[in-house]
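This is what each chain is made of:
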Amino acid sequence: MTYITIIIIGIILSLSFDGKEKNNKNTYVNLYIIIFVVISAISDNLGADAYTYRARFDLYIGDFSKENIVSWVLLYGYMPLWTIINETAVALGCTYSFVQTIIAISINSVVGYFVKNNTNYPFITLVIYFLVSYFYMNFEVQREALAIAIGFVGLINYLNGHRIIYWICIFIATLFHISAICLFVFPIIPKFKLSWLRLFLAFCISLFIYIISDYFVKLIPSFGAGSLSDKVEGYASATVTIFGFLLHTIRRLFVPFVSYLIMRKIYPQKYEYIDRFIPFYLCFSILSCAIPGTFRLINYMMPVSILIMSDLIVALAHRTIKGVKVLLAIFVFLLYTNHNISHMFTYYPMSGYHRYDLYIPYSTIFDDYEDYSYRDWIHKEALDGKTQDNERKK
(Lines give C-alpha, C1' and ligand atoms only; values in the text may rest on other atoms or scores of the structure.)
Protein backbone atom coordinates (compact mmCIF):
# COMPACT_ATOMS: atom_id res chain seq x y z
CA MET A 1 0.00 0.00 0.00
CA THR A 2 2.92 2.35 0.75
CA TYR A 3 4.33 1.97 -2.73
CA ILE A 4 0.94 2.48 -4.38
CA THR A 5 0.39 5.63 -2.33
CA ILE A 6 3.71 7.08 -3.51
CA ILE A 7 2.79 6.37 -7.14
CA ILE A 8 -0.67 7.90 -6.73
CA ILE A 9 0.83 11.03 -5.14
CA GLY A 10 3.27 11.30 -8.05
CA ILE A 11 0.48 10.95 -10.63
CA ILE A 12 -1.65 13.60 -8.89
CA LEU A 13 1.33 15.99 -8.77
CA SER A 14 2.09 15.19 -12.41
CA LEU A 15 -1.43 16.11 -13.49
CA SER A 16 -1.19 19.33 -11.47
CA PHE A 17 2.31 20.53 -12.39
CA ASP A 18 3.96 18.62 -15.26
CA GLY A 19 4.27 20.65 -18.46
CA LYS A 20 3.11 23.78 -16.65
CA GLU A 21 4.93 26.78 -15.22
CA LYS A 22 3.90 27.30 -11.59
CA ASN A 23 5.78 29.19 -8.90
CA ASN A 24 5.60 26.42 -6.28
CA LYS A 25 6.45 23.57 -8.65
CA ASN A 26 10.02 23.10 -7.38
CA THR A 27 8.78 23.10 -3.80
CA TYR A 28 6.53 20.13 -4.51
CA VAL A 29 9.35 18.36 -6.36
CA ASN A 30 11.53 18.74 -3.28
CA LEU A 31 8.76 17.45 -1.02
CA TYR A 32 8.26 14.42 -3.28
CA ILE A 33 11.99 13.69 -3.11
CA ILE A 34 11.85 13.98 0.69
CA ILE A 35 9.18 11.26 0.67
CA PHE A 36 11.55 9.04 -1.32
CA VAL A 37 14.31 9.71 1.21
CA VAL A 38 12.15 8.98 4.25
CA ILE A 39 10.72 5.74 2.79
CA SER A 40 14.26 4.51 2.16
CA ALA A 41 15.80 5.77 5.41
CA ILE A 42 13.31 4.09 7.76
CA SER A 43 12.98 0.86 5.77
CA ASP A 44 14.18 -2.38 7.29
CA ASN A 45 14.51 -6.01 6.26
CA LEU A 46 14.04 -5.15 2.57
CA GLY A 47 16.04 -6.30 -0.44
CA ALA A 48 18.90 -8.76 -0.89
CA ASP A 49 22.21 -6.86 -0.88
CA ALA A 50 20.92 -4.46 1.78
CA TYR A 51 20.14 -7.50 3.94
CA THR A 52 23.82 -8.46 3.80
CA TYR A 53 24.98 -4.95 4.66
CA ARG A 54 22.67 -4.88 7.69
CA ALA A 55 23.81 -8.33 8.83
CA ARG A 56 27.49 -7.43 8.56
CA PHE A 57 26.95 -4.13 10.34
CA ASP A 58 27.09 -6.10 13.61
CA LEU A 59 30.72 -6.99 12.80
CA TYR A 60 31.85 -3.35 13.01
CA ILE A 61 33.31 -2.29 16.36
CA GLY A 62 34.24 1.35 15.80
CA ASP A 63 37.78 0.45 14.76
CA PHE A 64 39.38 2.98 12.37
CA SER A 65 42.79 1.31 12.24
CA LYS A 66 44.50 0.76 8.91
CA GLU A 67 44.61 -3.00 9.55
CA ASN A 68 40.85 -3.19 10.08
CA ILE A 69 40.04 -1.14 6.97
CA VAL A 70 42.37 -3.27 4.82
CA SER A 71 40.86 -6.47 6.22
CA TRP A 72 37.39 -5.43 5.00
CA VAL A 73 38.82 -4.79 1.54
CA LEU A 74 40.46 -8.21 1.42
CA LEU A 75 37.61 -10.19 2.98
CA TYR A 76 34.55 -8.63 1.34
CA GLY A 77 35.84 -6.18 -1.25
CA TYR A 78 34.41 -3.27 0.76
CA MET A 79 36.25 -0.09 -0.14
CA PRO A 80 37.71 2.04 2.71
CA LEU A 81 35.08 4.79 2.91
CA TRP A 82 32.27 2.24 3.18
CA THR A 83 34.05 0.69 6.16
CA ILE A 84 34.71 4.12 7.69
CA ILE A 85 31.09 5.24 7.40
CA ASN A 86 29.90 2.02 9.10
CA GLU A 87 32.56 2.27 11.82
CA THR A 88 31.51 5.90 12.36
CA ALA A 89 27.90 4.84 12.87
CA VAL A 90 29.01 2.30 15.49
CA ALA A 91 31.27 4.83 17.20
CA LEU A 92 28.35 7.25 17.44
CA GLY A 93 26.12 4.55 18.89
CA CYS A 94 23.86 4.49 15.84
CA THR A 95 22.25 1.58 14.00
CA TYR A 96 22.52 0.73 10.30
CA SER A 97 19.68 3.22 9.71
CA PHE A 98 22.32 5.97 10.06
CA VAL A 99 24.17 4.61 7.04
CA GLN A 100 20.95 3.97 5.16
CA THR A 101 19.82 7.57 5.71
CA ILE A 102 23.05 8.90 4.18
CA ILE A 103 22.54 6.65 1.17
CA ALA A 104 18.88 7.68 0.79
CA ILE A 105 19.69 11.40 0.94
CA SER A 106 22.59 11.05 -1.51
CA ILE A 107 21.08 9.04 -4.35
CA ASN A 108 17.56 10.50 -4.25
CA SER A 109 18.76 14.09 -3.97
CA VAL A 110 21.07 13.71 -6.96
CA VAL A 111 18.33 12.11 -9.09
CA GLY A 112 15.88 14.82 -7.99
CA TYR A 113 18.33 17.62 -8.80
CA PHE A 114 19.08 16.25 -12.26
CA VAL A 115 15.42 15.66 -13.08
CA LYS A 116 14.30 19.05 -11.75
CA ASN A 117 16.84 20.89 -13.91
CA ASN A 118 16.45 18.93 -17.14
CA THR A 119 12.75 18.28 -17.72
CA ASN A 120 9.47 20.12 -17.54
CA TYR A 121 7.81 16.84 -16.49
CA PRO A 122 9.61 16.09 -13.20
CA PHE A 123 6.84 14.17 -11.46
CA ILE A 124 6.17 11.58 -14.15
CA THR A 125 9.96 11.19 -14.45
CA LEU A 126 10.27 10.59 -10.71
CA VAL A 127 7.39 8.08 -10.81
CA ILE A 128 9.27 6.20 -13.54
CA TYR A 129 12.45 6.38 -11.42
CA PHE A 130 10.51 4.92 -8.50
CA LEU A 131 9.20 2.04 -10.61
CA VAL A 132 12.42 1.28 -12.49
CA SER A 133 15.43 2.11 -10.30
CA TYR A 134 14.38 3.20 -6.81
CA PHE A 135 14.18 -0.29 -5.30
CA TYR A 136 17.47 -1.33 -6.87
CA MET A 137 19.34 1.76 -5.69
CA ASN A 138 17.83 2.08 -2.22
CA PHE A 139 17.29 -1.54 -1.18
CA GLU A 140 19.97 -3.40 -3.14
CA VAL A 141 23.24 -1.85 -4.35
CA GLN A 142 23.57 0.62 -1.50
CA ARG A 143 27.38 0.90 -1.63
CA GLU A 144 27.22 1.47 -5.35
CA ALA A 145 24.34 3.92 -4.96
CA LEU A 146 26.58 6.14 -2.83
CA ALA A 147 29.31 5.96 -5.47
CA ILE A 148 26.80 6.70 -8.24
CA ALA A 149 25.46 9.76 -6.40
CA ILE A 150 28.92 11.20 -5.71
CA GLY A 151 30.24 10.24 -9.13
CA PHE A 152 27.31 11.81 -10.95
CA VAL A 153 27.83 15.05 -9.01
CA GLY A 154 31.40 14.91 -10.28
CA LEU A 155 30.25 14.48 -13.89
CA ILE A 156 27.85 17.44 -13.62
CA ASN A 157 30.66 19.60 -12.24
CA TYR A 158 32.99 18.48 -15.02
CA LEU A 159 30.47 19.51 -17.67
CA ASN A 160 30.03 22.85 -15.88
CA GLY A 161 33.78 23.48 -16.01
CA HIS A 162 34.61 22.63 -12.39
CA ARG A 163 37.33 20.09 -13.13
CA ILE A 164 38.89 19.99 -9.63
CA ILE A 165 35.54 19.15 -8.03
CA TYR A 166 35.13 16.40 -10.64
CA TRP A 167 38.42 14.72 -9.73
CA ILE A 168 37.68 14.98 -5.99
CA CYS A 169 34.20 13.45 -6.43
CA ILE A 170 35.44 10.58 -8.60
CA PHE A 171 38.22 9.80 -6.14
CA ILE A 172 35.74 9.75 -3.23
CA ALA A 173 33.23 7.64 -5.23
CA THR A 174 35.94 5.05 -5.95
CA LEU A 175 36.65 4.80 -2.22
CA PHE A 176 33.03 3.73 -1.76
CA HIS A 177 32.80 1.28 -4.68
CA ILE A 178 35.54 0.11 -7.02
CA SER A 179 33.24 0.26 -10.07
CA ALA A 180 33.41 4.08 -9.91
CA ILE A 181 36.90 3.81 -11.37
CA CYS A 182 35.19 3.74 -14.78
CA LEU A 183 34.36 7.45 -14.32
CA PHE A 184 38.03 8.36 -14.64
CA VAL A 185 37.80 7.74 -18.40
CA PHE A 186 34.96 10.26 -18.87
CA PRO A 187 37.28 13.14 -19.94
CA ILE A 188 39.30 11.05 -22.40
CA ILE A 189 36.40 9.52 -24.35
CA PRO A 190 36.19 11.47 -27.64
CA LYS A 191 33.18 13.73 -28.02
CA PHE A 192 30.89 12.80 -30.89
CA LYS A 193 27.25 13.03 -31.88
CA LEU A 194 25.50 9.71 -32.07
CA SER A 195 23.94 8.82 -35.41
CA TRP A 196 22.16 5.77 -36.77
CA LEU A 197 25.37 4.65 -38.51
CA ARG A 198 27.40 5.02 -35.32
CA LEU A 199 24.80 3.05 -33.41
CA PHE A 200 25.16 0.22 -35.93
CA LEU A 201 28.96 0.40 -35.58
CA ALA A 202 28.50 0.22 -31.81
CA PHE A 203 26.60 -3.03 -32.28
CA CYS A 204 29.40 -4.43 -34.46
CA ILE A 205 32.02 -3.49 -31.85
CA SER A 206 29.96 -5.09 -29.10
CA LEU A 207 29.62 -8.28 -31.16
CA PHE A 208 33.40 -8.38 -31.67
CA ILE A 209 34.02 -7.96 -27.93
CA TYR A 210 31.49 -10.71 -27.23
CA ILE A 211 33.40 -13.09 -29.51
CA ILE A 212 36.76 -12.43 -27.80
CA SER A 213 35.40 -11.98 -24.25
CA ASP A 214 36.47 -15.48 -23.09
CA TYR A 215 40.10 -14.54 -23.67
CA PHE A 216 39.62 -11.29 -21.73
CA VAL A 217 38.13 -13.11 -18.72
CA LYS A 218 41.11 -15.49 -18.59
CA LEU A 219 43.48 -12.51 -18.20
CA ILE A 220 41.73 -11.04 -15.14
CA PRO A 221 43.39 -13.28 -12.49
CA SER A 222 46.82 -12.10 -13.68
CA PHE A 223 46.04 -8.59 -12.38
CA GLY A 224 46.03 -9.79 -8.77
CA ALA A 225 44.30 -11.97 -6.22
CA GLY A 226 41.81 -11.35 -3.47
CA SER A 227 38.17 -10.38 -3.12
CA LEU A 228 38.26 -7.48 -5.58
CA SER A 229 39.82 -9.57 -8.34
CA ASP A 230 37.35 -12.39 -7.67
CA LYS A 231 34.42 -9.97 -7.88
CA VAL A 232 35.60 -8.51 -11.19
CA GLU A 233 36.16 -11.99 -12.57
CA GLY A 234 32.74 -13.09 -11.36
CA TYR A 235 30.97 -10.19 -13.09
CA ALA A 236 33.01 -10.51 -16.28
CA SER A 237 32.54 -14.27 -16.54
CA ALA A 238 28.74 -14.03 -16.56
CA THR A 239 28.56 -15.51 -20.03
CA VAL A 240 25.50 -15.75 -22.28
CA THR A 241 24.58 -17.45 -25.53
CA ILE A 242 24.36 -15.48 -28.76
CA PHE A 243 20.62 -15.13 -28.10
CA GLY A 244 21.35 -13.70 -24.68
CA PHE A 245 23.79 -11.28 -26.27
CA LEU A 246 21.13 -10.13 -28.73
CA LEU A 247 18.64 -9.66 -25.89
CA HIS A 248 21.15 -7.55 -23.95
CA THR A 249 21.82 -5.58 -27.11
CA ILE A 250 18.13 -4.74 -27.45
CA ARG A 251 17.81 -3.75 -23.78
CA ARG A 252 21.06 -1.87 -23.26
CA LEU A 253 22.00 -0.58 -26.70
CA PHE A 254 19.13 -0.24 -29.15
CA VAL A 255 16.24 0.70 -26.84
CA PRO A 256 17.99 3.52 -24.90
CA PHE A 257 19.92 4.96 -27.84
CA VAL A 258 17.15 4.70 -30.42
CA SER A 259 15.03 6.51 -27.83
CA TYR A 260 17.77 9.11 -27.46
CA LEU A 261 18.03 9.67 -31.23
CA ILE A 262 14.26 10.15 -31.45
CA MET A 263 14.20 12.58 -28.54
CA ARG A 264 17.17 14.57 -29.82
CA LYS A 265 15.25 15.17 -33.00
CA ILE A 266 12.18 16.33 -31.06
CA TYR A 267 14.08 18.45 -28.50
CA PRO A 268 17.38 19.42 -30.21
CA GLN A 269 18.22 22.31 -27.89
CA LYS A 270 17.42 20.48 -24.65
CA TYR A 271 19.43 17.44 -25.73
CA GLU A 272 22.58 19.45 -26.37
CA TYR A 273 23.30 18.94 -22.65
CA ILE A 274 22.37 15.23 -22.68
CA ASP A 275 24.63 14.83 -25.74
CA ARG A 276 27.65 15.27 -23.51
CA PHE A 277 26.86 12.13 -21.50
CA ILE A 278 26.20 9.94 -24.53
CA PRO A 279 29.76 8.95 -25.62
CA PHE A 280 30.51 7.61 -22.12
CA TYR A 281 27.10 5.94 -21.87
CA LEU A 282 27.50 4.32 -25.29
CA CYS A 283 30.99 2.97 -24.61
CA PHE A 284 29.95 1.16 -21.45
CA SER A 285 26.68 -0.02 -22.99
CA ILE A 286 28.75 -1.66 -25.74
CA LEU A 287 30.82 -3.40 -23.08
CA SER A 288 27.81 -4.46 -20.98
CA CYS A 289 26.13 -6.14 -23.96
CA ALA A 290 29.23 -8.20 -24.72
CA ILE A 291 30.23 -8.98 -21.12
CA PRO A 292 26.97 -9.05 -19.11
CA GLY A 293 28.69 -8.78 -15.73
CA THR A 294 29.89 -5.29 -16.59
CA PHE A 295 26.33 -3.95 -16.75
CA ARG A 296 26.96 -2.40 -13.33
CA LEU A 297 29.08 0.25 -15.04
CA ILE A 298 26.11 1.73 -16.91
CA ASN A 299 24.37 2.26 -13.56
CA TYR A 300 26.36 5.50 -13.41
CA MET A 301 24.19 6.78 -16.26
CA MET A 302 20.94 5.86 -14.47
CA PRO A 303 19.68 9.49 -14.15
CA VAL A 304 20.30 10.04 -17.88
CA SER A 305 18.54 6.82 -18.92
CA ILE A 306 15.54 7.61 -16.70
CA LEU A 307 15.27 11.08 -18.23
CA ILE A 308 15.39 9.75 -21.82
CA MET A 309 12.78 7.10 -21.02
CA SER A 310 10.47 9.64 -19.42
CA ASP A 311 10.83 12.08 -22.31
CA LEU A 312 10.00 9.38 -24.84
CA ILE A 313 6.92 8.19 -22.94
CA VAL A 314 5.67 11.78 -22.55
CA ALA A 315 6.33 12.45 -26.25
CA LEU A 316 4.43 9.32 -27.28
CA ALA A 317 1.52 10.29 -25.06
CA HIS A 318 1.31 13.71 -26.72
CA ARG A 319 2.03 12.86 -30.34
CA THR A 320 0.44 9.51 -31.18
CA ILE A 321 -3.12 8.67 -32.18
CA LYS A 322 -5.59 8.60 -29.31
CA GLY A 323 -6.18 5.07 -28.04
CA VAL A 324 -2.87 3.80 -29.45
CA LYS A 325 -0.72 6.26 -27.50
CA VAL A 326 -1.30 4.60 -24.12
CA LEU A 327 -0.38 1.18 -25.54
CA LEU A 328 2.76 2.61 -27.16
CA ALA A 329 3.79 4.28 -23.91
CA ILE A 330 3.29 1.04 -21.97
CA PHE A 331 5.19 -0.91 -24.63
CA VAL A 332 8.20 1.42 -24.41
CA PHE A 333 8.07 1.27 -20.62
CA LEU A 334 8.10 -2.54 -20.68
CA LEU A 335 11.01 -2.54 -23.11
CA TYR A 336 13.01 -0.59 -20.57
CA THR A 337 11.95 -2.59 -17.54
CA ASN A 338 11.31 -6.15 -18.68
CA HIS A 339 14.48 -7.42 -17.01
CA ASN A 340 13.50 -5.81 -13.70
CA ILE A 341 9.96 -7.18 -13.96
CA SER A 342 11.03 -10.73 -14.82
CA HIS A 343 13.71 -10.63 -12.11
CA MET A 344 11.10 -9.73 -9.49
CA PHE A 345 9.13 -12.89 -10.36
CA THR A 346 12.08 -15.23 -9.74
CA TYR A 347 10.72 -18.18 -7.78
CA TYR A 348 12.60 -19.83 -4.91
CA PRO A 349 11.16 -23.37 -4.59
CA MET A 350 12.76 -24.25 -1.24
CA SER A 351 11.19 -21.32 0.62
CA GLY A 352 8.14 -21.07 -1.64
CA TYR A 353 8.52 -17.33 -2.18
CA HIS A 354 9.29 -15.01 -5.10
CA ARG A 355 11.89 -12.26 -5.21
CA TYR A 356 9.20 -9.57 -4.93
CA ASP A 357 8.50 -10.90 -1.41
CA LEU A 358 11.78 -9.25 -0.39
CA TYR A 359 10.15 -5.86 -1.03
CA ILE A 360 6.41 -6.41 -0.57
CA PRO A 361 4.96 -5.61 1.87
CA TYR A 362 7.02 -2.59 2.86
CA SER A 363 8.59 -2.93 6.32
CA THR A 364 10.24 -0.35 8.57
CA ILE A 365 12.48 -0.13 11.62
CA PHE A 366 9.31 0.30 13.68
CA ASP A 367 7.86 -3.08 12.66
CA ASP A 368 8.31 -6.37 14.49
CA TYR A 369 11.19 -8.28 12.89
CA GLU A 370 9.44 -11.62 13.39
CA ASP A 371 6.65 -10.55 11.02
CA TYR A 372 9.17 -10.53 8.16
CA SER A 373 11.59 -13.25 9.29
CA TYR A 374 10.58 -15.37 6.27
CA ARG A 375 12.82 -13.08 4.20
CA ASP A 376 15.81 -14.71 5.90
CA TRP A 377 14.93 -17.93 4.09
CA ILE A 378 14.49 -16.18 0.75
CA HIS A 379 17.83 -14.47 1.14
CA LYS A 380 19.59 -17.69 2.11
CA GLU A 381 18.12 -19.58 -0.85
CA ALA A 382 19.03 -16.78 -3.27
CA LEU A 383 22.58 -16.68 -1.88
CA ASP A 384 22.94 -20.47 -2.12
CA GLY A 385 21.75 -20.30 -5.73
CA LYS A 386 24.44 -17.74 -6.58
CA THR A 387 27.11 -19.88 -4.90
CA GLN A 388 26.05 -22.96 -6.87
CA ASP A 389 26.06 -20.97 -10.11
CA ASN A 390 29.61 -19.76 -9.40
CA GLU A 391 30.75 -23.31 -8.67
CA ARG A 392 29.30 -24.52 -11.96
CA LYS A 393 31.17 -21.75 -13.82
CA LYS A 394 34.45 -22.88 -12.25
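These numbers were taken from a predicted model, which means no experiment stands behind them.

Attention now moves to the overall build of the protein chain. Each helix and strand counted, the protein chain has 17 helices and two strands in total. Every one of the 394 residues in the protein chain was classed for burial, and the buried ones make up 48%. For the protein chain, the share of sequence-separated contacts (at least 6 apart) that also reach a separation of at least 24 residues comes to 72%. By element, 68% of the accessible surface of the protein chain is carried by carbon and sulfur atoms, the whole surface being about 19300 Å².

Helix length check: helix H14 (residues 278-290) (13 residues) gives 18 Å between terminal C-alpha atoms against 18 Å at 1.5 Å per residue, within 8%. Extensive coverage of H14 is indicated by the burial of 11 of its 13 residues. For H14, every residue scored as buried is listed here: Ile278, Pro279, Phe280, Tyr281, Leu282, Phe284, Ser285, Ile286, Ser288, Cys289 and Ala290.

Glancing now at the packing of helix H6 (residues 96-118) against helix H7 (residues 122-139). Geometrically, a packed helix pair is captured by the angle between its two axes and the distance between the axes. Two elements in contact, H6 and H7, have axes whose closest approach is 11 Å; the angle formed by their N-to-C orientations is 150°. Taken together, the axes of H6 and H7 lie roughly antiparallel to each other. Of the two possible hands of crossing, H6 and H7 adopt the one that is right-handed. Between H6 and H7, the contacting residues are Ala104, Ile107, Asn108, Val111, Gly112 and Val115 on the first element and Pro122, Thr125, Leu126, Tyr129, Tyr134, Met137 and Asn138 on the second. Here the residues of the contact of H6 with H7 sort into nine nonpolar, four polar and no charged.

For the rest of this paragraph, the subject is the side chain of threonine 174. Its place among the elements puts threonine 174 in helix H9 (residues 163-174). Classification of threonine 174 as buried rests on a relative accessible area of 10%. A distance of 2.8 Å separates the side chain of threonine 174 from the backbone oxygen of isoleucine 170, its partner in a polar contact. In this structure threonine 174 touches Met79, Ala180, Ile181 and Phe184, once residues within four positions along its chain are discounted.

Contact geometry for H6 and helix H15 (residues 302-319): axes closest at 10 Å, N-to-C directions at 40°. As the angle between them shows, H6 and H15 are arranged oblique. Classified by chirality, the crossing of H15 by H6 is right-handed. Contacts between H6 and H15 involve Ile107, Val111, Phe114 and Asn118 on the former and, on the latter, Met302, Pro303, Val304 and Leu307. When grouped by side-chain class, the residues that make up the contact of H6 with H15 number seven nonpolar, one polar and no charged.

To describe a pair of aromatic rings, one takes the distance between the centres and the angle between the planes. Tallied over the entire structure, the rule returns 41 aromatic pairs. Seen from their ring centres, tyrosine 3 and phenylalanine 135 are 4.8 Å apart, and the 65° between their planes marks the pair as edge-to-face. You can see tyrosine 3 sitting in helix H1 (residues 2-17) and its partner phenylalanine 135 sitting in helix H7, a full 132 residues away along the chain. Residue tyrosine 3 is classed as buried on the basis of its relative accessible area of 10%. Since its relative accessible area comes to 14%, phenylalanine 135 is described here as buried.

Rules used in this analysis
Residues numbered from 1 in each chain as written. Predicted model: local features only at pLDDT ≥ 70, side-chain atom pairs only at ≥ 80, totals over all residues. Heavy atoms only, no water. Helix = DSSP H or I, 4+ residues; strand = E, 2+ residues; numbered from the N terminus. Buried < 20%, exposed > 50% of the residue type's maximum accessible area, 1.4 Å probe, protein only. Contact = heavy atoms within 4.5 Å. Areas by Shrake-Rupley, 256 points an atom, 1.4 Å probe, with all protein chains shown as cover. Expected span 1.5 Å × (residues − 1). Axes fitted to C-alpha atoms, helices over the stretch in contact; angles between N-to-C directions. Parallel < 35°, antiparallel > 145°, perpendicular 65-115°, else oblique. Left-handed = near helix turned anticlockwise from the far one by under 90°. Nonpolar A, V, L, I, M, F, W, Y, C, P; charged D, E, K, R; others polar. Polar contact = N/O pair within 3.5 Å; in protein donor to acceptor, adjacent residues only side chain to side chain. Phe/Tyr/Trp six-rings, centres within 6.5 Å; stacked < 30°, edge-to-face > 60°.

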